[in-house]
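Letter by letter, the chains look like this.
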Amino acid sequence: MYKNKKVVVVFPAYNAASTLEKTYREIPFDIVDEVVLVDDCSTDDTVNLAKEIGIKHIIKHISNKGYGGNQKSCYKKALELGGDVVIMVHPDYQYTPLLIKSMVSIIVEGLYPVVLASRILGKGALKGGMPLYKYVANRFLTFAQNLMINQKLSEYHSGYRAFSAEVIKSLNLEANSDDFIFDNQMICQIFRKGYEIGEVTCPTKYFEEASSINFKRSSIYGLGCLLTSVQYWLDIKGLVKFEIFK
């Protein structure tokens, strides 16, 4: 626990056997109480490895539900376990769990109810090997979204996030997509509820085993991000009401 607040780490996993243990070993267990792994119908040995290294809470989807569907299971289980602070870390070792202490302290101390680990603050993204086209797309999408929803995040696309339980409970997560756009919808829901989001600088690593989506899916994701921002703008102006913001 951290100052009597229960801390739960969730791993949305898909074919993460080659990087899972390395990620798990960097978790600061002096403050983390529980780890939840949700396996989205992997074809490798992710589940057996998770058991071997000591993860007690393992959920295995019998069919692939997608990245968003995986997160829905993650957050549901974290709340069932009584988590006060929930941190999502990708088990592909692209982000280091060593930042968990900093992110948890920001939430528990009441500074921000949500914290994103940003690859863009500083030079972590390109230094860590982010492909140039992804970096440029990230900057363009972030600029456009900040304009449309009147915010100033450094990026909307980090997969390393910490939330207070209060925030998660307030969001209509089941109305969100089961695909990659879930992340972006969740951020817009958080802002629509009036919560603020803090950011910390995060080093990142791009390597063969790190999960990444191809150019086609990245393009679909980018268009989905812009559409979500348009929906946010229409909803907050009272012109059209969308289910995800109810």
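1. Here's the deal with the side chain of Asp-235
Part 1 of the reasoning: Within the fold, Asp-235 resides in helix α9 (residues 215-236).
Part 2 of the reasoning: Under the relative-accessibility criterion, Asp-235 is labelled buried at 4%.
Part 3 of the reasoning: Setting aside residues no more than four positions away along its own chain, Asp-235 makes contact with Arg-192, Val-240, Lys-241, Phe-242 and Phe-245.

2. Quick word on the pairing of strand β2 (residues 34-39)
Part 1 of the reasoning: A large share of β2 lies buried, amounting to six of its six residues.
Part 2 of the reasoning: Every second residue of β2 is oriented toward a common face, with Glu-34, Val-36 and Val-38 on one face and Val-35, Leu-37 and Asp-39 on the other, all of them buried.
Part 3 of the reasoning: Where strand β1 (residues 7-13) lies against β2, six bridges are found, and the strand directions are parallel. Bridge pairing in β2 places Val-10 opposite Val-36.
Part 4 of the reasoning: With respect to chirality, the unit in which β1 leads through helix α1 (residues 20-25) into the neighbouring parallel β2 is right-handed.
Part 5 of the reasoning: Across four bridges, β2 lies against strand β3 (residues 57-60) in parallel orientation. Residue pairing in the sheet places Val-38 in a bridge with Ile-59 of β3.
Part 6 of the reasoning: One crossover worth recording links β2 to the parallel β3 by way of helix α2 (residues 46-53), and it is right-handed.

3. Examining the side chain of Ser-158
Part 1 of the reasoning: As for its placement among the helices and strands, Ser-158 is situated in the loop between α6 (132-149) and β6 (161-164).
Part 2 of the reasoning: Side-chain polar atoms of Ser-158 contact the backbone oxygen of Ala-117, separated by 2.5 Å.
Part 3 of the reasoning: Setting aside residues up to four positions removed in sequence, Ser-158 forms contacts with Tyr-95, Ala-117, Arg-119 and Asp-183.

4. Re empty space enclosed by the protein
Gaps left between atoms show up when a probe the size of a water molecule is rolled over them.
Part 1 of the reasoning: Under the counting rule described, the total for this entry stands at one cavity of 30 Å³ or more.
Part 2 of the reasoning: Estimates place the volume of the largest cavity at around 30 Å³.
Part 3 of the reasoning: In terms of lining residues, the largest cavity is bounded by Leu-171, Asn-172, Gln-189, Arg-192, Lys-193, Ile-244, Phe-245 and Lys-246.
Part 4 of the reasoning: In the lining of the largest cavity, the residues fall into three nonpolar, two polar and three charged.

5. Some details on the state of the cysteines
Part 1 of the reasoning: Going through the model one piece at a time under the given rule, you end up with zero disulfides.
Part 2 of the reasoning: Here Cys-74 is not cross-linked by a disulfide; its sulfur's nearest cysteine counterpart is in Cys-41, at 15 Å.

6. Side note on a nonpolar patch on the surface
Part 1 of the reasoning: A cluster of nonpolar side chains, Leu-126, Leu-132 and Val-136, forms an exposed patch at the surface whose accessible area comes to about 290 Å².
Part 2 of the reasoning: In this structure, Val-136 sits in helix α6.
Part 3 of the reasoning: In this structure Val-136 comes out as partly exposed when scored by relative accessible area, which is 48%.

7. Focus on the pattern of salt bridges
Side chains that carry opposite charge are capable of pairing whenever their charged atoms lie near each other.
Part 1 of the reasoning: Under the defined criterion, the tally for this structure stands at twelve salt bridges.
Part 2 of the reasoning: In this structure, Asp-235 engages Lys-241 in a salt bridge whose closest nitrogen and oxygen atoms are separated by 3.9 Å.

What counts and how
Residues numbered from 1 in each chain as written. Predicted model: local features only at pLDDT ≥ 70, side-chain atom pairs only at ≥ 80, totals over all residues. Heavy atoms only, no water. Helix = DSSP H or I, 4+ residues; strand = E, 2+ residues; numbered from the N terminus. Buried < 20%, exposed > 50% of the residue type's maximum accessible area, 1.4 Å probe, protein only. Contact = heavy atoms within 4.5 Å. Pairing = 2+ DSSP bridges. Right-handed = clockwise from strand over helix to strand, strands pointing away. Polar contact = N/O pair within 3.5 Å; in protein donor to acceptor, adjacent residues only side chain to side chain. 1 Å grid on protein atoms, 1.4 Å probe; cavity = no way out; pocket = protein on both sides within 12 Å on 5 of 7 lines; lining within 4 Å. Points joined across faces, edges and corners; volume = space filled by probe spheres on them. Nonpolar A, V, L, I, M, F, W, Y, C, P; charged D, E, K, R; others polar. Disulfide = S-S within 2.5 Å. Patch = residues over 30% accessible without salt bridge, like charges linked within 9 Å, V, L, I, M, F, W, Y side chains within 5 Å. Areas by Shrake-Rupley, 256 points an atom, 1.4 Å probe, with all protein chains shown as cover. Salt bridge = Lys/Arg side-chain N within 4 Å of Asp/Glu carboxyl O.

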